[in-house]
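Secondary and tertiary structure notes
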Amino acid sequence: MTHDIQARRSIVSGLGAAVAAFALVPGPAGAQTPATRFQPARHQEDAWLDTIAGKHRVFIDASTARGAGEAMLYANNLYVANKSGYSLPENDIVVVACLRHFATVFAFNDAIWAKYGKVLGMMVEFTDPKTRQAPSTNLLNSAEYGMALPNLGTTIDSVVKRGTRFAVCDMATHFFAGGIAAQAGGNADAVYKELVGNTIPNSHMVPAGVVAVNRAQEYGYTLLSTL
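Residues numbered from 1 in each chain as written. Predicted model: local features only at pLDDT ≥ 70, side-chain atom pairs only at ≥ 80, totals over all residues. Heavy atoms only, no water.

Section: the overall build of the chain
- For the chain, the helix and strand inventory stands at seven helices and five strands.
- Residues counted as buried form 41% of the 227 residues belonging to the chain.
- Long-range contacts, defined as pairs at least 24 residues apart, comprise 72% of the intrachain contacts of the chain with a sequence gap of at least 6.
- Of the accessible surface of the chain, which amounts to about 12700 Å², a share of 56% is contributed by carbon and sulfur atoms. (Helix = DSSP H or I, 4+ residues; strand = E, 2+ residues; numbered from the N terminus. Buried < 20%, exposed > 50% of the residue type's maximum accessible area, 1.4 Å probe, protein only. Contact = heavy atoms within 4.5 Å. Areas by Shrake-Rupley, 256 points an atom, 1.4 Å probe, with all protein chains shown as cover.)

Some words on the environment of F102
- Within the secondary structure, F102 sits in the loop between β2 (93-99) and α3 (110-124).
- Expressed as a C-alpha distance, the spacing of F102 and S63, which sit 39 residues apart in the sequence, is 5.5 Å.

Some words on the sheet that holds strand β5 (residues 222-225)
- Taken in spatial order, the five strands make up an open sheet running β4-β3-β2-β1-β5, and their pairing is parallel. The sheet is open, and its two borders are formed by β4 (203-206) and β5, each paired with just one other strand. Strand-to-strand twist of the sheet, defined as the mean angle between neighbouring strand axes without regard to direction, takes the value 25 degrees.
- Note that strand β3 (residues 165-169) and β4 share four bridges and pair parallel. Considered in β4, the bridge of F166 is made with S203. (Pairing = 2+ DSSP bridges. Axes fitted to C-alpha atoms, helices over the stretch in contact; angles between N-to-C directions.)

Some words on the packing of aromatic side chains
- This structure, assessed with the given rule, holds four aromatic pairs.
- Relative to F126, the ring of F106 lies with its centre 5.1 Å away and its plane at 90 degrees, an arrangement referred to as edge-to-face. With F106 in the loop between β2 and α3 and F126 in the loop between α3 and α4 (156-162), the pair connects residues that are 20 residues apart, well separated along the chain.
- Relative accessible area serves as the criterion here: at 11%, F126 is assigned to the buried category.
- Ring geometry for F175 against F176: centres 5.2 Å apart, planes inclined by 75 degrees, an arrangement best described as edge-to-face.
- The class for F176 is buried, based on a relative accessible area of 1%.
- Ring pairing ties together the aromatic residues F106, W113 and F126, which thus form one cluster. (Phe/Tyr/Trp six-rings, centres within 6.5 Å; stacked < 30°, edge-to-face > 60°.)

Re the pattern of salt bridges
- Evaluated as defined, the whole model comprises seven salt bridges.
- The partner of R57 in a salt bridge is D50, and the shortest N-O contact between them spans 2.9 Å.
- Using a relative accessible area of 44% as the deciding quantity, one classes D50 as partly exposed.
- A salt bridge links E194 to K115, with the nearest nitrogen and oxygen atoms 3.0 Å apart. One end of the pair, E194, is in helix α6 (residues 188-196); the other, K115, is in helix α3, and 79 residues separate them in sequence. (Salt bridge = Lys/Arg side-chain N within 4 Å of Asp/Glu carboxyl O.)

Comments concerning the nonpolar core
- Counting 46 residues, the largest nonpolar core has I60, L99, F106, L120, F126 and F166 as its most contacted members.
- Only β1 (56-62), α2 (65-86), β2, α3, α4, β3, α5 (170-184) and α6 provide two or more residues apiece to this core.
- In this view, I60 contacts A71, Y74, A75, L78, V95, V96, A97, C98, L224 and T226; residues no more than four positions away in its chain are not counted. (Core = buried A, V, L, I, M, F, W, Y, C linked by side-chain atoms within 4.5 Å.)

A short note on the environment of V119
- The topology assignment puts V119 in helix α3.
- A relative accessible area of 10% places V119 in the buried class.
- Sequence-wise, V119 and F176 are 57 residues apart; in three dimensions their C-alpha atoms are separated by 8.9 Å.
- Beyond its immediate chain neighbours, meaning those up to four positions away, V119 contacts G179, I180, Q183 and A184.

Points about the packing of α5 against α6
- Running from amino to carboxyl end, α5 crosses α6 at an angle of 125 degrees, the nearest separation of the two axes being 8 Å. It follows from the interaxial angle that α5 and α6 lie oblique. Between α5 and α6 the crossing geometry is right-handed. Contacts between α5 and α6 involve D170, T173, H174, F176, A177, G178, I180 and A181 on the former and, on the latter, A188, V191, Y192, L195 and V196.
- Of the residues in the contact of α5 with α6, the class split is nine nonpolar, three polar and one charged. (Parallel < 35°, antiparallel > 145°, perpendicular 65-115°, else oblique. Left-handed = near helix turned anticlockwise from the far one by under 90°. Nonpolar A, V, L, I, M, F, W, Y, C, P; charged D, E, K, R; others polar.)

Listed below in structure tokens is the structure:
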């Protein structure tokens with residue numbers, strides 16, 4: 001009996017040593033390390049997002065006519081609140097407003113609205129709240145409408161002066177160029193070039209607004225969406 005107990009103790013002791021030894025033997029490379037943290041790929045087309053100096057980055061996503069107006073208001077509020085609440089100057093706050101989908105029409109200046117305002121207004125169901133007619137200027141750059149528009153009088157030029165940049169959807173620009181050509185006559189490619197040549201200040205054409213929303217977050221921008 002004593003001999004059997006000693007034998008069993010010897011076996012258990014041997015197994016314990018073997019397990020300990022196995023634990024110390026290095027396994028395949030990477031077997032003991034945690035999973036690699038995801039790192040998004042970088043593309044030259046998105047590099048402009050990383051060239052704007054500042055301490056805080058915000059990306060405002062606007063996809064409707066109403067949302068375009070709110071984007072101007074939100075941009076202004078970001079500068080004002082960071083100044084009053086944190087004593088941060090405007091150049092510490094990086095704001096990029098993305099005008100995509102139906103908000104894209106407000107990325108074009110008065111020359112485009114004077115020429116194509118009737119078609120653009122019809123396509124996004126937007127009219128001048130004073131006249132109830134199609135606008136002949138970019139109303140988001142007018143301070144005369146106050147509460148009648150969702151930007152509450154905050155103009156494009158005013159937020160540009162504070163440092164706001166705009167990402168303009170190229171896919172939507174092609175769409176509106178096609179609609180203008182169909183309704184007003186002309187060549188869609190020629191209208192597209194005209195639109196691109198008449199964007200509001202601080203604009204950057206992006207392949208698609210939805211892609212820009214993704215890329216901006218990969219570059220450390222927080223996302224703020226309008227209605």
